[in-house]
Amino acid sequence: MRRVRRFLPVTLVALLAVACLYIIWPSVPRDFLPTGIPWPAGKGIKIGSFERRTLRLGLDLQGGTRLLLRAEVPEDFQGNIDDALEGTIRVLRKRVDASGVAEAEISRQGDKNLTVQLPGLTPERARSLLGRTAQLRFCEPAGANAADVGLCDESGQWQQATGDVDGQRIALTGRFLKSNAFVQFDQAGRPGVGFEFQDNGGEVFRQVTSRRIGQQIAIFLDNEQLSAPVVQAVISDRGSITGLTLERAQELVVQLNAGALPLQLTVLQEQNVDATLGKDSVHRSVLAGQIGLLLVALFMILYYRFPGVIATLALMVYTLISIALFKLIPVTLTLAGIGAFVLSIGMAVDANILIFERMKEELRAGRSYAASIDAGFSRAWPSIRDSNVSTLITCGVLYVLGGGFELPFLGTFDAPLVQGFAFTLAVGVAVSMFSAIRVTQILLHLFVGTGISRRHDWFVPEAAPPPAPEGARP
Amino acid sequence: MTLDLVGTRKWSFLFSGITALVAVVVLAIPPMFRPGIEFTAGSTALIRFTEPVTAERLQAAYADLGHGEARIQQTSGSEFLIRTRELQVPPGSFTEPAAPITAGQVPTGPAPVEVVGTLQAGSAGATGTIDLVDLDRTAGCKLGTQKLGTAAAGARVDVAEVIANCDGAAVYRVVTSDASGYVAAKDIRDFQAKPKEAAPEPDRGERTVIEKGLRERLGTFEVREFSSVSATVSRVTVRNTAIAVAVATLFIMVYIAFAFASLPRPMRYGACAVVALLHDVVITLGMFSLFSKLFHVEVNLMFVTGLLTVIGFSVHDTIVVYDRIRENVRQSPQAPFASNVNAALVQTIARSINTSTTVLLTVATMLLLGGTTIASFLLVIFVGVAAGTYSSIGIASQLLVAWEEGDLERLAFWRRTPAEQPAG
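Residues and elements named next belong to chain A. Spatial ordering of the open sheet is given by β7-β6-β12-β13, a layout of 4 strands whose pairing is antiparallel. Here the strands that pair on one side only, and so sit at the sheet edges, are β7 (158–160) and β13 (224–227). The mean inter-strand angle of the sheet, taken between neighbouring strand axes irrespective of direction, is 45 degrees. Bridging between strand β12 (residues 218–221) and β13 involves 3 bridges; their strand directions are antiparallel. Bridge pairing in β13 links L221 to E224.

Below, the structure written as structure tokens:
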């Protein structure tokens, strides 16, 4: 039983490390590991519909898809084209961010073109996510005044649904939706999109549903009919669109919440593009990073001796867990993210150094190995906690502010630059508070009562080596 | 005998003060920074080379032409998307991108084509007519079997395209008055390439300069797209980032005050940590401004990230030292504050230096061995971490002592009370 208690934590840590190693094993090993050895290719992980094959890397490290879009400015366009283009970019950015693709790059090219670079999306998905105007319209069966209000499709079967508010005729479009559309499932488990009206939308919808009760109405996205439900009751505040696939429903939610594009876009070109930092540069930096970490390990072992070995092992476990999390969540790793990761490694090392310095003090003060482990940890804990919590607070603030929000009078405030950094750093620090500390403790405890625990000279340089029995030190 | 670090505080203040002042002066001299291409409008070109070219060679060629900032992305084969800073070109120098592509579109004749040369149909001595067939470009390159037209053997016909290596041999696209189709090399003779017209190239300012330079270094190419692009990161975004960081700093100040609430005057800890943080940021910025001026180092997105890393590190380092002060003050509340702080500094100095060493070790290795594109990022971290380590020892904690001992007042009333007792 005591043996179980002794070895169980270590076994669990080892299992966790192996599992993480399996998860993160690269699918193209020669990009990350020394060449010349026939490394097996990683398969990633797949549980049901949850699949992660590769780490998600940003444009700077891996490249992605580039779309060149042309904004179609109508002949009779009134207003400032520059403003309309800026608005278009904003909507595109919202769509990209909401669909979970981090670190996209959007800029104007020439007079009327936009160029978008997206990491980790196939050209088809990028095209369907960004290429659509996403103008949502509510339509009713065409009647006598169809020509006045406008038809919804070419068949002439549907006309734009309208209502009268304060003596004005208002067409019911996506403009009247709150930007909180969501994916929902009906009783049969079929996906759909739920939405709520704002401003006068509810009133118009009430008028439409009350005069069309028992008849069909239709909902169009651009020129495509999404659904044509029969009106069962008068509704004024909310509605839903059914008959969609799950993927389509998710995409529609993103598009509805980001709003319709002010200008229609045509995809001029799409192509795969390589890493912006240059493949060669990325490879060399990966190699250099590995050498750097090796040097750190060497330094730790030379300076701290036995605990340095333990810390190196703990650090390996820490790195494995962090990268596995980056892959599973998934976090889009960019150079900024890697910077954050390097910082979090530094902080994980620091936690170990703090603990070891305390342990040394305890050992010098004549405590036993086991006692000095516990004292070392409990005394180092407050500073580890305070410094890491302050880092987590910074991450939280940067992440929340980076996400963007509307300020009264000042417009939209967002700083997407720092979000990826903040998120990656937060994951790293959170993991380090568990792993670097807990794993080190488990590993150190493994040696309680063994020969090593009496070799104080392996911990404190100036301590006398054994024959001198326990307690011979000052 | 322990090290008296607190006693040296006036020297560290003097040193930091001068360094920070120099940094501010350097920053004040325009240009403060050289903004990277993310922050400025630029020019973008999509270029396809005839011969295989690597991204590294292209990058080197651009650097040679004075555009070390060029961001090069390979798109396919030897086609590259290149973004540089804005090139000075006369109006009308832009090449509009090609028309929309449609999936599965395969070029077929007849279509208005540019004649690249002429040939005689049929191999030597052939008679009758030679079939012009289709070409299957979807599956690699393979001559088809569909007959699109014929050409009389021996007749001289125009050639619209030469596909150098198709199924092991050259294939020619032949255009006659009524048909267009492909013919294999074995079925032709006497191909004569049309001499390239030495049409005077229009002067397109810097675009022409670069294109000429590239052609000399890397061979012929086709410019498929050339236009101006806006900044990918707007100035508003950068400003907002700075605001976000400032707000985060305020939160840190409050948290530190909260964490040290058990000590007298906890707000001071937060304030001094922030002063040390500002010190690190100003020195890092100043150093970079100097690099900008001397070596044309640019401030890019990675610089922003690096600065965030430095900020994180600086606060972390300071808190570790503060924590030790807290412990010492609790243990011996009767001892003078200065001696408690000094003990804390002595106890943590090994740890501070070791932690920094590990980070600097990694960064230095990457700086020396890694790719050049991330050098500025690493440089920021290197300078910032070094400054952060120094300031956690020489500034953050020492300021607490100076505040406690009333150094500032003493400085102000220097003349009136010259015989003030030195700090215990």
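Between chain A and chain B, the residue contacts involve 70 residues of the former and 66 residues of the latter. Of all the secondary-structure elements, those providing two or more residues to the side of chain A that touches chain B are β3 (64–72), β4 (105–109), β5 (113–118), β15 (264–273), α7 (279–304), α9 (335–364), α10 (369–403) and α11 (419–445) of chain A. Tallying contributions element by element places α7(A) first for the side of chain A that touches chain B, with 16 residues. Classifying every residue of the side of chain A that touches chain B gives 35 nonpolar, 24 polar and 11 charged.

Let us look at helix α8 (residues 306–328) of chain A. For α8(A), built from 23 residues, the straight-helix expectation of 33 Å at 1.5 Å per residue is met to within 8% by its first-to-last C-alpha distance of 33 Å. Buried residues dominate α8(A), accounting for 17 of its 23 residues.

Turning next to the sheet that holds strand β10 (residues 182–185) of chain A. Residue and element names in this part refer to chain A. Across the sheet, 3 strands lie side by side as β10-β11-β14; this open sheet has antiparallel pairing. Each having just a single partner strand, β10 and β14 (238–241) make up the two edges of the open sheet. Going across the sheet, the axis of each strand differs from the next one's by a mean of 40 degrees, ignoring polarity. Bridge count between β10 and strand β11 (residues 191–196): 4 bridges; the pairing is antiparallel. Residue pairing for β11: Q184 is matched across the bridge by G192. Its contacts with the sheet put helix α6 (residues 246–258) on β10 and β11, and the angle it makes with β11 is roughly 20 degrees.

Let's shift gears to the nonpolar core. Ranked by size, the top nonpolar core spans 138 residues in total, and within it B:I256, B:V341 and B:V380 carry the most contacts. If you tally residues by element for this core, the top one is α9(A), at 18 residues. Grouped together as the second largest cluster of nonpolar side chains are 52 residues, A:L69, A:L136, A:W158 and A:V193 included.

Residue and element names in this part refer to chain A. Bridge analysis of strand β8 (residues 162–165) against strand β9 (residues 168–171) gives 4 bridges, and the strand direction is antiparallel. Residue pairing across strands places V165 opposite Q168, the latter belonging to β9. Count of turn residues in the β8/β9 antiparallel hairpin: 2 residues, of which D166 carries a positive phi of about 50 degrees.

Residue and element names in this part refer to chain A. Entries for chain A in the domain assignment read domain 1 (2–56 + 278–458), domain 2 (64–132 + 268–273) and domain 3 (136–260). Counting residues at the interface gives 4 residues for domain 1, matched by 4 residues for domain 2. Residue classes in the side of domain 1 that touches domain 2 are distributed as no nonpolar, 3 polar and 1 charged.

The description of two helices packed together rests on the angle between their axes and the distance between the axes. Residue and element names in this part refer to chain B. Taken N-terminus to C-terminus, the directions of helix α1 (residues 9–28) and helix α8 (residues 375–405) make an angle of 125 degrees; their axes are 10 Å apart at the nearest point. Overall, the two elements α1 and α8 adopt an arrangement that is oblique. α8 is crossed by α1, and the crossing has left-handed handedness. On α8, the residues touching R9, S12 and S16 of α1 are G394, I395, Q398, V401 and A402. Class assignment for the residues of the contact of α1 with α8 results in 3 nonpolar, 4 polar and 1 charged.

Turning next to the environment of B:H67. Residue and element names in this part refer to chain B. Position of H67 relative to the elements: it lies in the loop between α2 (55–64) and β3 (71–76). By C-beta crowding, H67 is classed as buried, having 20 other C-beta atoms within 10 Å. Separated by 266 residues in sequence, H67 and P333 place their C-alpha atoms 62 Å apart. Setting aside chain neighbours within four positions, we find H67 in contact with Y62 and T84.

The next subject is helix α3 (residues 206–218) of chain B. Quick reminder: α-helices carry 3.6 residues per turn. Residues three or four places apart thus point the same way. Residues and elements named next belong to chain B. Taking 1.5 Å of rise per residue, 13 residues should cover 18 Å, and α3 covers 18 Å from first to last C-alpha, within 8% of that figure. Among the residues of α3, R207, I210, L214 and L218 are the ones counted as buried. The buried residues of α3 occupy one face: seen down the axis, they fall within an arc of 70 degrees. Along α3, exposed side chains directed more than 90 degrees from the buried face belong to K212, R215 and E216. Summarising the contacts, the buried residues of α3 are in contact with β2 (42–49), α2 and β12 (221–229).

Cut-offs and rules
- Residues numbered from 1 in each chain as written.
- Chains lettered and ligands numbered in written order.
- Predicted model: local features only at pLDDT ≥ 70, side-chain atom pairs only at ≥ 80, totals over all residues.
- Pairing = 2+ DSSP bridges.
- Helix = DSSP H or I, 4+ residues; strand = E, 2+ residues; numbered from the N terminus.
- Axes fitted to C-alpha atoms, helices over the stretch in contact; angles between N-to-C directions.
- Contact = placed C-beta atoms within 7 Å.
- Nonpolar A, V, L, I, M, F, W, Y, C, P; charged D, E, K, R; others polar.
- Expected span 1.5 Å × (residues − 1).
- Buried ≥ 20, exposed ≤ 12 C-beta atoms within 10 Å, placed from the backbone.
- Core = buried A, V, L, I, M, F, W, Y, C linked by C-beta atoms within 7 Å.
- Domains from an automatic or database assignment.
- Parallel < 35°, antiparallel > 145°, perpendicular 65-115°, else oblique.
- Left-handed = near helix turned anticlockwise from the far one by under 90°.
- Arc of directions from axis to C-beta.

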